[in-house]
Amino acid sequence: TPMLIFSSTWRNCFNGMHNLHFTMVPQQFNRLLEFTKHNDDYNRKISSVLIGGDLLSSDLRHSITRLPYDVYYGYGSTETCAQVTGLVLNDDFQSVGYALDGVNLKSIDGCLAIQSSSLFKGYVTNKGVELPDLTNGYFVSSDLVTIDENGLIYIDGRRDFQFNSGGSLISP
């Protein structure tokens, strides 16, 4: 019974612990919400949760606004080696947040362009390291974006659905 094993794992995380900080993808966060929804003691032990790695559903965003702890949401990728945007989810935003300190973001041809010290140095392939293709110092992702007048970043979709694995572009 996978759910019992999963519940046991969560219980082990909380036993004897306080001031917990979690980093997870939305799917894991949804499971955390399911586990803690009937136990306020568990919710009081959580200080914050950082979510990234995928878009949040509107239902999940709505659930977040009622929690007794801070939830942070951001955008990052393998190529950025870290999150490059952040937002405290205290409202039903559809954004992935603002550029973090030390990160410059803009739209180039409708795609998110990233300039950051955490930017990767290249792809490791069978032929060695393939340097990233930069445009005026920016790595241009395949994520289609809108940046509003306040600097909030909105992911609108993908230019393609390919990802890089072992130096090869793969289409799902």
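Residues numbered from 1 in each chain as written. Predicted model: local features only at pLDDT ≥ 70, side-chain atom pairs only at ≥ 80, totals over all residues. Heavy atoms only, no water.

1. Points about unusual backbone geometry
Piece 1. For Cys81, which is not glycine, the phi torsion reads 60 degrees and is therefore positive.
Piece 2. Along the polypeptide, Cys81 turns up in the loop between strand 4 (76-77) and strand 5 (82-83).
Piece 3. We classify Cys81 as exposed; its relative accessible area is 53%.
Piece 4. Although it is not a glycine, Asn136 adopts a positive phi angle of roughly 50 degrees. (Helix = DSSP H or I, 4+ residues; strand = E, 2+ residues; numbered from the N terminus. Buried < 20%, exposed > 50% of the residue type's maximum accessible area, 1.4 Å probe, protein only.)

2. Structural notes on the environment of Val71
Piece 1. Summarising the element assignment, Val71 is placed in strand 3 (residues 70-73).
Piece 2. Through-space distance from the C-alpha of Val71 to that of His21 is 9.9 Å; in sequence the pair is 50 residues apart.
Piece 3. For Val71, the residues in contact, after removing those within four places along its chain, are Phe29, Val49, Ile51, Ile64, Leu87, Val88 and Leu89. (Contact = heavy atoms within 4.5 Å.)

3. Comments concerning the packing of aromatic side chains
Piece 1. Counted according to the given criterion, the structure contains three aromatic pairs.
Piece 2. Measuring from ring centre to ring centre gives 4.8 Å for Phe120 and Tyr123, while their planes differ by 65 degrees; the resulting arrangement is edge-to-face.
Piece 3. Taking the relative accessible area as the measure of exposure, Phe120 reaches 10% and is therefore buried.
Piece 4. Where Phe120 meets Phe139, the ring centres are 5.5 Å apart and the plane angle is 85 degrees; that geometry is what we call edge-to-face. Of this pair, Phe120 sits in the loop between strand 9 (111-116) and strand 10 (123-125) while Phe139 sits in strand 13 (residues 138-147), and the two are 19 residues apart along the sequence. (Phe/Tyr/Trp six-rings, centres within 6.5 Å; stacked < 30°, edge-to-face > 60°.)

4. A closer look at the environment of Lys106
Piece 1. With respect to the helices and strands, the residue Lys106 is situated in strand 8 (residues 103-108).
Piece 2. When the C-alpha atoms of Lys106 and Val145 are compared, they prove to be 8.9 Å apart, with 39 residues separating the residues in sequence.
Piece 3. Discounting residues that sit within four places of it in the chain, Lys106 has contacts with Cys111, Leu112, Ala113, Tyr138 and Ile147.

5. Examining the side chain of Glu79
Piece 1. Mapped onto the fold, Glu79 is located in the loop between strand 4 and strand 5.
Piece 2. If we skip the residues at most four places from it in the chain, Glu79 touches Ser118, Leu119, Phe120, Tyr123 and Phe139.

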